[in-house]
Amino acid sequence: MATPAFQFTTKANISTFGGTLLKLTHESAVLESTMALNVFFPPGALGRSTPKVPVLWYLAGLTCSGDNGSEKGFFNYWAAKYGIAVVYPDTSSRGSSHPGEHDAYDFGSAAGFYLDATKEPWAQNYQMETYITDELPAALYSYFVVLDSSRVSLMGHSMGGHGALTLFFKHPGKFKSTSAFAPIANPSKCPWGEKAFSGYLESKEEWTKHDATELIKTYKGPDFDILISCGIADEFLKGGQLLIDNFVAAAKEVGRESQVTVKYAPNCDHSYYFISSFAQEHVEHAAKHLGVL
Ligand SMILES: N[C@@H](CCC(=O)N[C@@H](CSC=O)C(=O)NCC(=O)O)C(=O)O
């Protein structure tokens, strides 16, 4: 048997909900970094090659790693039930030490914004879009052949919700569905997004290419069915960081309002207590589009 060109190191093998959560590391060429991630395999899937299982990616938010979603999202119970693997990648390159990289919670490490930076020094290794849509999936799907590269969905939270929406629009047809918890839905117009885009991108003309509220207006791919959940008491919704209404208005502008469902949850905040409360709904949304519900 040929040795796969790409190697993962298993740091932990954890039995949960009848399946297995692997804590992995690997060398990323595009991020120029050793990267950690977690992958949940539903019952019976790890170690077999067929039947393949669909894959759901969870993109986490600012300050997070692959651990937040896998430990506090409560996705694995529902993924086990529907026979779905869940990939929990990290949120930025971890191998560098650019000026200011580790100083703020909303820029640099753990704040890669799921885009390919064009401004130096970030352009060297802050290439999260290529990592999430190309390098890491190619490596995972060839190493763990049970993962079905033809049935893949996305979901994400906050900065990761921005990633789940923008990567879906930027790569038409690559993902069966997407959904988001409290996404940063119009980053060009909020403080988190303005800081990230002006730091990572060479010119302001590039901003629209990374903003879900702009991308939905120019999207030419297949129709979609986007689910967004957000807490009414979300401090970042109230603080103007999420701007979900702008995304809904853009959907209306291009006649796609029926393809976007936004559900506001009474009393809920921005935390994983909110996310885990709606984990079932988001995994089942993906399960429907992945053909297992
Ligand atoms: N100042 C806070 C802000 C960090 C925070 O709330 N992060 C959220 C994501 S926000 C948007 O991407 C988060 O999910 N945190 C991790 C968690 O487990 O709650 C701070 O630095 O704490």
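Under the annotation held in an unreviewed UniProt entry, the protein chain carries the name S-formylglutathione hydrolase and is attributed to Lipomyces tetrasporus. Database annotation for the protein chain, UniProt heading Subcellular location (unreviewed entry): "Cytoplasm".

**A look at the site of the ligand**
Taken together, 14 residues surround the ligand, and among them L62, N68, K72, S158 and M159 come closest. At a separation of 3.3 Å, a nitrogen atom of the ligand approaches a polar side-chain atom of T63. Between the ligand and K72 there is a distance of 2.6 Å, counted from an oxygen atom to a side-chain nitrogen or oxygen. Considering the ligand on its own, with 540 Å² of exposed area, one finds that the protein chains cover 70% of that surface.

**Considerations on the nonpolar core**
Within the largest apolar cluster, 94 residues are counted, with the highest numbers of intra-cluster contacts made by W57, F113, L140, L147, Y200 and F247. Sequence-distant contacts of F247, defined by excluding residues within four places in its chain, comprise L165, F169, A185, A212, T213, I216, I226, I228 and V260.

**Brief notes about the UniProt feature "active site" (unreviewed entry) in the protein chain**
Under the local residue numbering, the UniProt record ascribes the feature "active site" (unreviewed entry) to S158, D234 and H270. A stretch of 113 residues holds the annotated residues, and the largest C-alpha distance among them is 10.8 Å, short enough that they meet in one place. On the secondary structure map, S158 appears in the loop between β6 (147-157) and α4 (159-170). For S158, the contacting residues outside a window of four places in its chain are F181, A182, P183, I184, W192 and H270. Residue placement: H270 occurs in the loop between β9 (260-265) and α9 (272-277). Note on H270: relative accessible area 8%, which makes it buried. Those residues in contact with H270 that lie beyond four places of it in its chain are H157, S158, A182, W192, D234, E235, F236 and L242.

**Remarks on the side chain of S96**
Among the secondary structure elements, S96 is positioned in the loop between β5 (85-88) and α3 (128-143). Within the structure, the side chain of S96 is placed 2.9 Å from the side chain of E101, a separation counted as a polar contact. Once residues within four sequence positions are removed from consideration, S96 is found in contact with E101, H102, N125 and Y126.

**Overview of the pairing of β5**
The alternating pattern of β5 places A85 and V87 and V86 and Y88 on opposite faces, both of which are buried. As paired strands, strand β3 (residues 33-41) and β5 are joined by three bridges and run antiparallel to one another. What sits directly across from N38, in β5, is Y88. With three bridges connecting them, strand β4 (residues 53-59) and β5 associate as parallel partners. Opposite W57, over in β5, you have V87 as the bridge partner.

Rules of the game
- Residues numbered from 1 in each chain as written.
- Predicted model: local features only at pLDDT ≥ 70, side-chain atom pairs only at ≥ 80, totals over all residues.
- Heavy atoms only, no water.
- UniProt positions renumbered as here; feature names shortened; annotations may be inferred.
- Near = heavy atom within 4 Å.
- Polar contact = N/O pair within 3.5 Å; in protein donor to acceptor, adjacent residues only side chain to side chain.
- Areas by Shrake-Rupley, 256 points an atom, 1.4 Å probe, with all protein chains shown as cover.
- Core = buried A, V, L, I, M, F, W, Y, C linked by side-chain atoms within 4.5 Å.
- Buried < 20%, exposed > 50% of the residue type's maximum accessible area, 1.4 Å probe, protein only.
- Contact = heavy atoms within 4.5 Å.
- Helix = DSSP H or I, 4+ residues; strand = E, 2+ residues; numbered from the N terminus.
- Pairing = 2+ DSSP bridges.

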